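As a plain string of letters, each chain reads:
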Amino acid sequence: MWRLRRFGIGVPRPDPRLREGAGLSSREAASLLGVSPAQITHIESALAGVSELRLRRLASHYACADEEFIDALVAMATDRTRGWWEEYRGLLPTPFLDLSELEHHARFQRHVAILYVPGLLQTEDYSRAVFSSRLPELTEEEIELRIQHRKARQQSTIPYEAVIHEAALRIRVGDRGTSRAQLARLVELSEADHVTMRVIPFDLDGFASAAGTMTYVGGPLPKLDTVVRDALHGSAFIDSDAQLNIYRTSFRKVEDASLDPGGSREFIHRLAKEL
């Protein structure tokens, strides 16, 4: 398949497996385009952009006949909009910018949270407490940059589904006041038109087999979906068809094991009153 790789602008990346499936070497593909083999390697690695003409020619040579898919790739390749995240280039690690650009092209987001409230739903104080706990420790300037970047991401109004485990609601990453304000914010956001929020209580059956934090970002087409997994040393972007199917199934299981939106709102409200 061809994927969206995030390097400053939306760059469709022809997967080398598609070329190999067509029985072409990188040298042969380069010859068809009239470029050097090194340039094909750079295109496939998303280290170089690719024009609409070359995208369509590669699609033809690789026997990719999905016009809707090709058009979506062309739209991303020719989008030269300077995103708001560019002001953070050189100030934040690249995965922060990659995620921002991925969300820029997204049609929806789904999030499963086990230990922390999802970033797009966090209050400023909650975010500050999360970033302050990171190791190695961040400077105050680094923390503030991350908070401002997160607040900018929160301006998105694409459909957003969050399934949050009770553990994430009860763990105090800051003080009692921070937790109370965060829960109140969740109740408020649960009524937003673009947000669907569900809670998994500790005593709800059927969750164990679907456990796992993830962010699922829906692309312009299902073939361009991406899963983001956070790790200690950065984020991993997953976009293979087989893995995406696993995460789609996992989200359905988590969703089935959660309270409905109305019950979830009441659950969060009760927790807030306990603090």
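Let us look at the structure shown here. Everything numeric here is computed off the predicted structure, so don't read it as measured data.

**Focus on the overall build of the protein chain**
Point 1. A tally of helices and strands in the protein chain yields 12 helices and eight strands.
Point 2. Oriented by its inertia axes, the alpha-carbon framework of the protein chain measures out at about 70 × 40 × 30 Å.
Point 3. When contacts within the protein chain are restricted to residue pairs at least 6 apart in sequence, those whose partners lie at least 24 apart make up 71%.
Point 4. Of the roughly 13,700 Å² of accessible surface on the protein chain, a fraction of 51% belongs to carbon and sulfur atoms.
Point 5. Taken together, the 35 basic and 39 acidic charged side chains of the protein chain have centroids lying 2 Å from each other.

**Structural notes on the nonpolar core**
Point 1. In terms of nonpolar packing, the biggest core is built from 22 residues, with Leu121, Ile164, Leu169, Leu183, Leu186, Met197 and Ile268 touching the most fellow members.
Point 2. The set of elements that each furnish at least two residues to this core consists of α7 (124-132), β4 (160-165), α9 (166-170), α10 (176-189), β5 (195-200) and α12 (261-274).
Point 3. Residue contacts for isoleucine 164: discarding those within four places in its chain leaves Ala113, Pro118, Leu121, Leu169, Leu186, Met197, Arg198, Val199 and Ile200.
Point 4. Cys64, Ala72, Met76 and Ala77 belong to the second-largest nonpolar core, a separate cluster that totals 14 residues.

**Some words on the packing of aromatic side chains**
Point 1. Considering all chains together, one arrives at three aromatic pairs under this definition.
Point 2. With a centroid separation of 6.2 Å and 10° between ring planes, the pair formed by phenylalanine 108 and tyrosine 216 is classed as stacked. Here phenylalanine 108, found in strand β3 (residues 108-113), pairs with tyrosine 216, found in strand β6 (residues 214-218); they are 108 residues apart in sequence, far enough to count as distant.
Point 3. Residue phenylalanine 108 is classed as partly exposed on the basis of its relative accessible area, which comes to 21%.
Point 4. On the accessibility criterion, tyrosine 216 (1% relative accessible area) is buried.
Point 5. Chaining the aromatic ring pairs together yields one cluster made of Trp84, Trp85 and Tyr88.
Point 6. Lying over the aromatic face of tyrosine 216, arginine 110 brings its terminal NZ or CZ to 5.7 Å of the ring centre.

**Focus: the pairing of β4**
Point 1. With five of six residues buried, β4 is to be regarded as a mostly interior element.
Point 2. Bridge analysis of β3 against β4 gives five bridges, and the strand direction is parallel. Each bridged residue has a counterpart across the sheet, and for alanine 113 the counterpart in β4 is isoleucine 164.

**A short note on the environment of glutamate 101**
Point 1. Structurally, glutamate 101 can be placed in helix α6 (residues 94-105).
Point 2. Taking relative accessible area as the criterion, glutamate 101 reaches 2% and is therefore assigned buried.
Point 3. For glutamate 101 and glycine 83, which are 18 residues apart along the polypeptide, the C-alpha to C-alpha distance reads 7.4 Å.

Here is what the cut-offs are and how they apply
Residues numbered from 1 in each chain as written. Predicted model: local features only at pLDDT ≥ 70, side-chain atom pairs only at ≥ 80, totals over all residues. Heavy atoms only, no water. Helix = DSSP H or I, 4+ residues; strand = E, 2+ residues; numbered from the N terminus. Contact = heavy atoms within 4.5 Å. Areas by Shrake-Rupley, 256 points an atom, 1.4 Å probe, with all protein chains shown as cover. Lys, Arg positive; Asp, Glu negative; His and termini not counted. Charge placed at Lys NZ, Arg CZ, Asp CG, Glu CD. Core = buried A, V, L, I, M, F, W, Y, C linked by side-chain atoms within 4.5 Å. Buried < 20%, exposed > 50% of the residue type's maximum accessible area, 1.4 Å probe, protein only. Phe/Tyr/Trp six-rings, centres within 6.5 Å; stacked < 30°, edge-to-face > 60°. Lys NZ or Arg CZ within 6 Å of the ring centre and 35° of its normal. Pairing = 2+ DSSP bridges.

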